[in-house]
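Chain by chain, the residues:
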Amino acid sequence: MRLIEVRGAATETRRQRQAHALTLIVAAVVLLYGLNLRQSTLEAVVPYVNIQAGITAFYPQNWLLDTAPDYVFRVRDMTRRGYKTTIQLSVQPVSDDTSGRNIADRLALTRARTFTGYSVLAVEPYPLRDGFSAQAVSYTYVSQESSPFLQGIPVVVVGLDIITISRGQALVITFRADAATYRQELPRFEQFLQALEF
Amino acid sequence: MTRFFPRLFWLLPVCLGLVLALRAQESAGVDLERIERATVYIMQARSENLTITCIGSGTIVRYDGLILTNAHHTVQSESCTGDTLIIAMTINLEEPPVPKYRAEIIQADIGLDLALLRITREFDGRPVDAASLPVLPFVELADSSAVTLDETLTLVGYPAAGNDPVLLAPSVVTGFMDEPGGNGRAWMKVNTLIPAPGVMSGGGAYNRAGQLVGIPSAAPAGVVSSECLLLEDTSSDGFINSNDTCVPVGDFISVLRPSNYARTLIRGAALGLTVQPITAPAFQASAEGAPAFSRPFIAPAVVDGLPSTVIGSAPAGTDSLYLFFDYAGMTPNTVYELRVTVDGVPNRVFDLPPVRWSGGERGLWYIGVTGQPFPNGVYEYRLFINGTVATSLTIVVGGAATVQPIFSNIVFGVLDDAGNLQGNGYVLPAGPIATARFVYQNMQPGIPWTAIWYYEGLEIARVTDVWREDFGPSGTYPVNIEPPGGLVPGRYRVDIGMNGLLSLTGNFIIAGAQRGVALPGVFNSIEFVRATTPREVTDASPASNYPDGAEALFLRFDWELIGRGIPWTLRWRIDDEIFYEQTVPWNSPESGADFIVQVDAPGRLPDGTYTVELLIRDILLATTEATVGIGQLAIDELAQPGGAQLRGQIIDAETGRGLEGVTFVLISDQFSVGDFTWLQEQIYALAITDRNGFFEIDRPLRIGAPYSAIIATDGYLPVAADGLEVAPEDTSPIDLLIPLTRD
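Presented here is an overview of the structure given in this document. (Residues numbered from 1 in each chain as written. Chains lettered and ligands numbered in written order. Predicted model: local features only at pLDDT ≥ 70, side-chain atom pairs only at ≥ 80, totals over all residues. Heavy atoms only, no water.)

## Some points on the state of the cysteines
Covalent bonding between the sulfur atoms of two cysteines defines a disulfide.
Residues and elements named next belong to chain B.
Part 1: Tallying each qualifying case throughout the model produces 2 disulfides over all chains.
Part 2: Each sulfur in the disulfide pair C54 and C80 lies 1.8 Å from the other. A torsion of -75° about the S-S bond marks the disulfide between C54 and C80 as left-handed. Placement of C54 in strand β3 (residues 52-62) and of C80 in the loop between β4 (66-69) and β5 (84-89) is noted, with a sequence separation of 26 residues between them.
Part 3: Taking the relative accessible area as the measure of exposure, C54 reaches 1% and is therefore buried.
Part 4: The partner cysteine of C228 in its disulfide is C246, sulfur to sulfur 1.9 Å. Because the torsion about its S-S bond is 80°, the bridge between C228 and C246 counts as right-handed. Residue C228 is located in strand β13 (residues 227-229), and its partner C246 is located in the loop between β13 and β14 (247-249); the two are separated by 18 residues in the primary sequence.
Part 5: Residue C228 is classed as partly exposed on the basis of its relative accessible area, which comes to 40%.
Part 6: Accessibility expressed as a relative area gives 25% for C246, which makes it partly exposed. (Disulfide = S-S within 2.5 Å. Helix = DSSP H or I, 4+ residues; strand = E, 2+ residues; numbered from the N terminus. Buried < 20%, exposed > 50% of the residue type's maximum accessible area, 1.4 Å probe, protein only.)

This is the structure in structure tokens:
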């Protein structure tokens, strides 16, 4: 048997050491740029303006936007597996006697009829920017695939309604997400609230 | 936003290749799977404990959950006491149905044994959110008048009490049976190649194009011929025995109610239109006394709903016979049946199995066939009411045709000064006199004949004479009725006999004031008015155009000399298609003004041209029309039949396992992937995969339309494709297998 001994290379030149350092720096810069690009892409927002309702909002990019008679607008993250994280905004007329708590109770009664396992978790004050006060209602229910021909497994959803009354109408801002990812997703909603103008 | 798409991993060849390669197996172009999925199993149950009281099949006829079925197992009755309807659907074709929804009856005609249900609740009782209800598979109605003798049909329904998968039973049309209002085919007789149990009643019968031509009907006929299934321990005594309530089902399917009968119901229900006669709400008179049949006789043909003549025998080669009879005390819940024997042997060709009664409380009825060869023999017709023989008649068919004196083709009117008969034939105005004119042939002088006139079933006049030589052997002859005090509103009949035997009979109605010689002024001043509530109608101004968004239409008319109990018909059309037709006994004073009818719909009335028609005995007596909005119905794309269903499975490319909760976005053919900006209006349909990765696009894809698709989910490279197109030769459903590569 013949043994071959492999030794380390001869001492690097200065230029080589500089090249290695530069490579590492460039790689780090590119990585940071990539991470920044990814983060900016993930956090990118799109404006939504509804002059009739007097609402300006910025919702996450690549979320599906739709409108319906029941709400001013709704956006959903269709790339999310399972329950699609949702932000929805609706307005309701109110009288001078209507309080945020009345709206919360009405929502609870309505949803108890239509949502499986609907349960209110908490009702508490929620400060909005610009000094607006609001009621925050957190709740949970079970969402199920609507197609009768598929074997969908129900998903536990956690929701949060922010209810505020302004200029004769109640604004209900709703956030819903899979219970498993609710906390992870909540900053998106808080970012949305911060930018919301009504 | 635009940066998102260049980074997509394009798998166009994969998707497109799969679309083109994975075809469904049906060779005839009929989407049998769609039909099977549109067929539902219906359980009527008591709401307090969900005990099943009646069962049957049904068919989804509209994407939003409109179900066509029989009334006998859905409408609450003595034998079906439940108040909740549970809808079970086929999830896997080889397996029994699974309860999914609850439904409510929105339209029903108990006599025709048809009912329309709408899915309103989830199975657990929560209201269905209309916005989230998927586009359900539905079937298209055919023109059932185009069905031919010996045509092959496929009966589809559930053969057992929820234990078996949906059954397809090939069958052949063996004949058509006629009843009043049936236009020659009130029922289609079928012979199934495999037995089709009574639970399939309410399902569907399909032609080769996969269109619904008839509704199998088999009403339980009480104790004699029906079956009653013991399914549950309803008495809670720990045993299933005679103490428990059983579930009645009919005999094997042998007749179909043609689908044309259901068109009006479906039209009205689809548009959500409700017609309310405000002045006299529609009602069915309660029957007096026990149901009974009487005075049976045979006629070779029907002319304007009346026997052409009355015969005691028929020659060899006869291919048309009708059994006429009087009826009284009948209700829509009554079940009647005709059994025919030829030389003592039951003949199923001329039978009518137990079916619901659709003729009102009393009157003259007929049932018969035409275009069907009658073999020589002695025919015994036996009519049953609720499983018990009600009346019978025997007639001989055979031998050579002989020349015999005949009275035939009776018609009614008023003679003008020139001796011509005037009028519309069967509805005459109140006045001093009316005339019946009939055709006579082969008459001989000296033959005794009689004419007996009846008013509301009571004899009011009789003429007895012998045939005179100057009348001649053939011609037409008028007989008059001129009672003291004139003809009052009501129903009249004349029986004309020869040699002591009934030879001809006919009936007519006196209603309305005389206009000209013989035209009746029954309904007058008919007009639409501009009002928002019934209270405003009397003083409202006439209108013929209503703005877009109108919430209700109000109709106003006056009436004159209509006897109580006279059947009258209120018919509504929208864009020339009937969406409401109801014939009920007149239930208001004999004359009056401002009869009000309201038409409305949830929200707002659909745009269209609304026409109302008032009839008595199918004779149009008054009509008017009004337009709403643009005067034309909007096109509902979802309601259009055809197209192909797209479904598939999304899997992990590495493991081959189905991916749950992934969204398949099918972009409208107006946009490409590059144009797509995540707006709902750009999307044709969305689907989310189930626990095994399967998804279904609920809306059928239009043939030749170039769709695009995006699948993007956490942890996997996105997939997008343009040019997803269904070719005309493709058969539905189209299956895709889409592998996703990990990010």
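## A word on the sheet that holds strand β47 (residues 646-652) of chain B
All names here are of chain B.
Part 1: Pairing within the open sheet is mixed, and its 3 strands lie in the order β50-β47-β53. A strand with exactly one partner marks an edge of an open sheet, and here the two such strands are β50 (694-696) and β53 (734-740). The average undirected angle you get between the axes of adjacent strands in this sheet is 25°.
Part 2: By the bridge criterion, 3 bridges tie β47 to β50 in an arrangement that is antiparallel. By the bridge assignment for β50, Q649 is matched with F694. (Pairing = 2+ DSSP bridges. Axes fitted to C-alpha atoms, helices over the stretch in contact; angles between N-to-C directions.)

## Section: the nonpolar core
All names here are of chain B.
Part 1: The biggest cluster of nonpolar side chains holds 86 residues, and the ones touching the most others in it are I55, Y336 and Y381.
Part 2: No fewer than three residues from each of domain 2 (32-122) and domain 3 (292-397) sit in this core.
Part 3: Grouped together as the second largest cluster of nonpolar side chains are 78 residues, F528, L553, W572 and V584 included. (Core = buried A, V, L, I, M, F, W, Y, C linked by side-chain atoms within 4.5 Å. Domains from an automatic or database assignment.)

## Overview of the packing of aromatic side chains
Given two aromatic rings, their pairing is described by the distance between the two centres and the angle made by the two planes.
Part 1: One pass over the structure, following the stated rule, counts 54 aromatic pairs over all chains.
Part 2: Plain terms: the ring middles of B:F664 and B:F695 are 4.6 Å apart, the flat faces sit at 15° to each other, and that makes the pair stacked. Note that B:F664 is positioned in strand β48 (residues 663-667) and B:F695 in strand β50, a separation of 31 residues in sequence.
Part 3: When its relative accessible area of 1% is taken as the criterion, B:F664 is described as buried.
Part 4: Judged by relative accessible area, which is 1%, B:F695 ranks as buried.
Part 5: Here the basic side chain of B:R34 rests over the ring of B:F138, its NZ or CZ set 5.0 Å away from the ring centre.
Part 6: Taking the ring centre of A:F149 as reference, the NZ or CZ of B:R37 above it sits at 4.4 Å. (Phe/Tyr/Trp six-rings, centres within 6.5 Å; stacked < 30°, edge-to-face > 60°. Lys NZ or Arg CZ within 6 Å of the ring centre and 35° of its normal.)

## Quick notes on the pairing of strand β15 (residues 255-258) of chain B
Residues and elements named next belong to chain B.
Part 1: Residue alternation in β15 divides its side chains into two sets, V255 and R257 and L256 and P258, and both sets are buried.
Part 2: Taken together, the 3 bridges between strand β12 (residues 212-216) and β15 define a ladder with antiparallel strand orientation. What sits directly across from G214, in β15, is P258.

## Structural notes on the side chain of B:E151
Residue and element names in this part refer to chain B.
Part 1: Examined against the element boundaries, E151 turns out to sit in the loop between β7 (114-122) and β8 (152-157).
Part 2: No salt bridge is formed by the buried E151. Its closest oppositely charged neighbour is R208, at 6.7 Å.
Part 3: From its side chain, E151 meets the backbone nitrogen of T148 in a polar contact 2.9 Å long.
Part 4: Those residues within four positions of E151 in sequence are excluded, and the remaining contacts are A146, S171, V172, V173 and N207. (Lys, Arg positive; Asp, Glu negative; His and termini not counted. Salt bridge = Lys/Arg side-chain N within 4 Å of Asp/Glu carboxyl O. Polar contact = N/O pair within 3.5 Å; in protein donor to acceptor, adjacent residues only side chain to side chain. Contact = heavy atoms within 4.5 Å.)

## Quick look at the interface of chain B and chain A
Part 1: Listed by partner, the interface residues are 39 residues for chain B and 28 residues for chain A.
Part 2: Between chain B and chain A, the buried area comes to about 3000 Å², and carbon and sulfur atoms account for 52% of it.
Part 3: In this structure, the connection of chain B to chain A is made through 1 salt bridge.
Part 4: Linking B:D714 and A:R80 is a salt bridge whose minimum nitrogen-to-oxygen distance equals 3.3 Å.
Part 5: At the boundary of chain B with chain A, the tally comes to 16 residue pairs in polar contact (both at pLDDT 80 or more).
Part 6: For the side of chain B that touches chain A, the secondary-structure elements that each account for two or more residues are β6 (98-109), β49 (683-688) and β50 of chain B.
Part 7: In terms of residue class, the side of chain B that touches chain A is built from 20 nonpolar, 8 polar and 11 charged. (Buried area = accessible area lost by both parts, 1.4 Å probe. Nonpolar A, V, L, I, M, F, W, Y, C, P; charged D, E, K, R; others polar.)

Functional significance is not addressed by these values, which are geometric in nature.
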